[in-house]
Amino acid sequence: MSLSSHLTELKKKHDHLSMEVETAQRSPSVDGLVIAGLKKKKLKLKEEIERLSYETETA
């Protein structure tokens, strides 16, 4: 898998997690810890995307 396709997949996962977080926040039955876990995953993906993007730009 090339770096650009890997970045594309990470961005898709990030977008999917964004939708999951929004849906979970609208549902009163979803535990706050579940939402926090989703947000943490989303943040880790964002950091990975930024790191790989930076490495691509400086290479």
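Scroll up to find the structure.
Residues numbered from 1 in each chain as written. Predicted model: local features only at pLDDT ≥ 70, side-chain atom pairs only at ≥ 80, totals over all residues. Heavy atoms only, no water.

Chemist: Explain the overall build of the protein here, please?
Modeler: Helices and strands together make up the secondary structure of the protein, namely two helices and zero strands. Here the C-alpha atoms of the protein give a radius of gyration of 14 Å, more than 25% beyond the 10 Å that 2.2 N^0.38 yields for 59 residues. In terms of its C-alpha atoms, the protein occupies a principal-axis envelope of roughly 45 × 15 × 15 Å. Of all 59 residues assigned to the protein, the portion counted as buried reaches 20%. Carbon together with sulfur atoms contributes 58% to the accessible area of the protein, which is approximately 4,600 Å² in total. Separation between the mean location of the 11 positive side-chain charges and that of the 10 negative ones in the protein comes to 3 Å. (Helix = DSSP H or I, 4+ residues; strand = E, 2+ residues; numbered from the N terminus. Rg over C-alpha atoms; globule rule 2.2 N^0.38 Å. Buried < 20%, exposed > 50% of the residue type's maximum accessible area, 1.4 Å probe, protein only. Areas by Shrake-Rupley, 256 points an atom, 1.4 Å probe, with all protein chains shown as cover. Lys, Arg positive; Asp, Glu negative; His and termini not counted. Charge placed at Lys NZ, Arg CZ, Asp CG, Glu CD.)

Chemist: Mind showing me how you'd approach the nonpolar core here?
Modeler: Note on soluble globular proteins: their nonpolar side chains tend to be buried together. Of all hydrophobic cores here, the largest spans ten residues; its members are Leu7, Leu10, Leu17, Val21, Ala24, Ile35, Leu38, Leu45, Ile49 and Leu52. Broken down by secondary-structure element, the contributors of at least two residues to this core are helix H1 (3-26) and helix H2 (32-58). Contact partners of Ala24, with chain neighbours within four places excluded, come to Val30, Ile35 and Leu38. (Core = buried A, V, L, I, M, F, W, Y, C linked by side-chain atoms within 4.5 Å. Contact = heavy atoms within 4.5 Å.)

Chemist: When you look at H1 in this model, what are you seeing that I'm missing?
Modeler: Helical periodicity: at 3.6 residues per turn, an α-helix aligns residues three or four positions apart in one direction. Here H1 is 24 residues long and its end C-alpha atoms lie 35 Å apart, about the 34 Å a rise of 1.5 Å per residue gives. Restricting attention to buried positions, one finds in H1 the residues Leu7, Leu10, His14, Leu17, Ser18, Val21 and Ala24. (Expected span 1.5 Å × (residues − 1).)

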